[in-house]
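Summary of the model geometry
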Amino acid sequence: MRPLPPPEAVQAPAPLRQRSRGCVRLRMARAGAATVVADLSESGPSRLRFPRTHGPVPEAVLVNTAGGIACGDLFEIGIELEAGAGLVLTTTAAEKVYRSDGPASLIRNRLSVAPGAHLAWLPQETILYDRARLERRFEADLGAGAGLLACEIVMLGRAARGETFASGAIRDRWFVRRSGRLVYADALHLSGPVADILARPATGGGARAFGTILDFAPGAESRVEEARALLDTPGDGVEAGASAWNGHLAVRLLGQDPDGLRSLAARFLAGYRRAPLPRVWQG
């Protein structure tokens, strides 16, 4: 008979946890000169709120009532804009991704923008706590003449608390198609000692935050000089640049100062859109 292993060799199974599953599905339609909600479904801790606005384009504010995202959580957002509709989507606050003891947190964003419609995707920043693990996928299908302006900012730790994202993992993938044809694809994968990797001059130069702003509206490629002028004074500890190709505009932000990077992104978006940001950004 095989002897029993010593007590210290017996490992208890990982505890079962209740994981969050948040999902929002929204369809917006044109009704005369206005855009209205045609269909909305919410589940789990994900909710959408529509504050009263005075402009022609409605705002939708995504709320995570769970207060953050933890290991193994799954959050999905599906937005569909019918022909001629418009929408500005943001979040009520920064999204926090907490440390994980194994499973990755999953975020899946799926957008469909019909011909003549325009979506401004402007969530506030995502904050990664030390040892967080995040997999995020962003997909957009655009019709002919549709517009999409998208901004995503990632902060590595809470700057106000002096925290760092010493180790963990983030996998971020973007795919944008126009009339069924892939026009933009991008992928970022950082894992292991992330702070050490980004401390190298050839990778991040000590960056603690980064951001991407993409414009797929008709004529976006011709606005590259305007975008560069808006980025002309990025501030200390923040680098920024703009380029344009294949009919779209891309802005990259990289900084040692997360708050400075967020401020630059906010100034850029307000100037580029020629409209103030949603009020929740000013909190």
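Let me sum up the structure you'll find in this document. These numbers were taken from a predicted model, which means no experiment stands behind them.

Each value, and the rule that gives it
Residues numbered from 1 in each chain as written. Predicted model: local features only at pLDDT ≥ 70, side-chain atom pairs only at ≥ 80, totals over all residues. Heavy atoms only, no water. Pairing = 2+ DSSP bridges. Helix = DSSP H or I, 4+ residues; strand = E, 2+ residues; numbered from the N terminus. Phe/Tyr/Trp six-rings, centres within 6.5 Å; stacked < 30°, edge-to-face > 60°. Buried < 20%, exposed > 50% of the residue type's maximum accessible area, 1.4 Å probe, protein only. Salt bridge = Lys/Arg side-chain N within 4 Å of Asp/Glu carboxyl O. Patch = residues over 30% accessible without salt bridge, like charges linked within 9 Å, V, L, I, M, F, W, Y side chains within 5 Å. Areas by Shrake-Rupley, 256 points an atom, 1.4 Å probe, with all protein chains shown as cover. Axes fitted to C-alpha atoms, helices over the stretch in contact; angles between N-to-C directions. Contact = heavy atoms within 4.5 Å. Polar contact = N/O pair within 3.5 Å; in protein donor to acceptor, adjacent residues only side chain to side chain.

Attention now goes to the pairing of strand β2 (residues 34-43). Across 9 bridges, the pairing between strand β1 (residues 21-31) and β2 is antiparallel. The residue of β2 that forms the bridge with Leu-26 is Leu-40. Taking the residues between adjacent antiparallel strands as the criterion, β1 and β2 are bridged by 2 residues, where Gly-32 takes a positive phi near 70 degrees.

Aromatic rings considered in pairs are described by the distance between their centres and by the relative angle of their planes. Per the counting criterion, the structure on display carries 6 aromatic pairs. Plain terms: the ring middles of Tyr-184 and Phe-216 are 5.9 Å apart, the flat faces sit at 75 degrees to each other, and that makes the pair edge-to-face. Residue Tyr-184 is located in strand β14 (residues 181-192), and its partner Phe-216 is located in the loop between β15 (209-215) and α2 (224-230); the two are separated by 32 residues in the primary sequence. Exposure class is identical for Tyr-184 and Phe-216. Each is buried. The rings of Trp-121, Phe-138 and Trp-174 are connected pair by pair, giving a single aromatic cluster.

As a further point, take the pattern of salt bridges. Taken as a whole, this structure holds 15 salt bridges when the rule is applied. One salt bridge connects Glu-42 with Arg-49, and the closest N-O pair in it is separated by 3.7 Å. Two residues, Glu-76 and Arg-108, come together in a salt bridge whose shortest N-O distance is 3.9 Å. Taken together, the positions of Glu-76 in strand β5 (residues 74-81) and Arg-108 in strand β8 (residues 105-113) put the pair 32 residues apart, joining distant regions of the chain.

To continue, consider a nonpolar patch on the surface. Taken together, the side chains of Val-37, Leu-40 and Phe-50 make up a nonpolar region of the molecular surface, amounting to roughly 220 Å² of accessible area. Looking at the secondary structure, you find Val-37 in strand β2.

With that settled, the discussion passes to the sheet that holds β14. Reading across the sheet, the 7 strands line up as β2-β1-β5-β8-β11-β13-β14 and stay open at both edges, with mixed pairing between neighbours. In this open sheet, the two edge strands, each paired with only one partner strand, are β2 and β14. The average undirected angle you get between the axes of adjacent strands in this sheet is 5 degrees.

The next subject is unusual backbone geometry. Unlike most non-glycine residues, Arg-131 shows phi in positive territory, near 70 degrees. Residue placement: Arg-131 occurs in the loop between β10 (126-128) and β11 (133-142). Although it is not a glycine, Arg-274 sits at a positive phi angle of roughly 55 degrees. For Arg-274, the location among the structural elements is in the segment after α3 (258-273).

Note that Arg-223 resides in the loop between β15 and α2. Taking the relative accessible area as the measure of exposure, Arg-223 reaches 19% and is therefore buried. When neighbours within four sequence positions are excluded, Arg-223 is seen to be in contact with Asp-215, Tyr-272 and Arg-274.

Let us now look at the environment of Ala-209. If you trace the backbone, Ala-209 turns up in strand β15. For Ala-209 and Ile-153, which are 56 residues apart along the polypeptide, the C-alpha to C-alpha distance reads 7.3 Å. Contact partners of Ala-209, with chain neighbours within four places excluded, come to Val-154, Met-155, Leu-253, Leu-254, Gly-255, Pro-258 and Leu-261.

Once that is clear, we can look at the side chain of Asp-73. Along the chain, Asp-73 falls in the loop between β4 (59-64) and β5. If we skip the residues at most four places from it in the chain, Asp-73 touches Arg-19, Ser-20, Arg-21, Gly-68, Ala-104, Ser-105 and Leu-106.

Our focus in this paragraph is the pairing of strand β6 (residues 86-91). When you tally the buried positions in β6, you get 6 out of 6 residues, the bulk of the element. On β6, burial covers both faces: Gly-86, Val-88 and Thr-90 on one face and Leu-87, Leu-89 and Thr-91 on the other are all buried. In the sheet, β4 pairs with β6 via 4 bridges, with the strands oriented parallel. Residue pairing in the sheet places Glu-59 in a bridge with Val-88 of β6. As judged from the 4 bridges shared by β6 and strand β9 (residues 118-121), these two strands associate in the parallel manner.

Mapped onto the secondary structure, Arg-19 falls in the segment before β1. A sequence separation of 103 residues divides Arg-19 from Leu-122, and the C-alpha atoms of the two residues are 26 Å apart. Once residues lying within four places of it in the same chain are set aside, the contact partners of Arg-19 are Ala-70, Cys-71, Gly-72 and Asp-73. Engagement of the side chain of Arg-19 in a polar contact is seen with the backbone oxygen of Cys-71, the distance being 2.6 Å. A distance of 2.8 Å separates the side chain of Arg-19 from the side chain of Asp-73, its partner in a polar contact.

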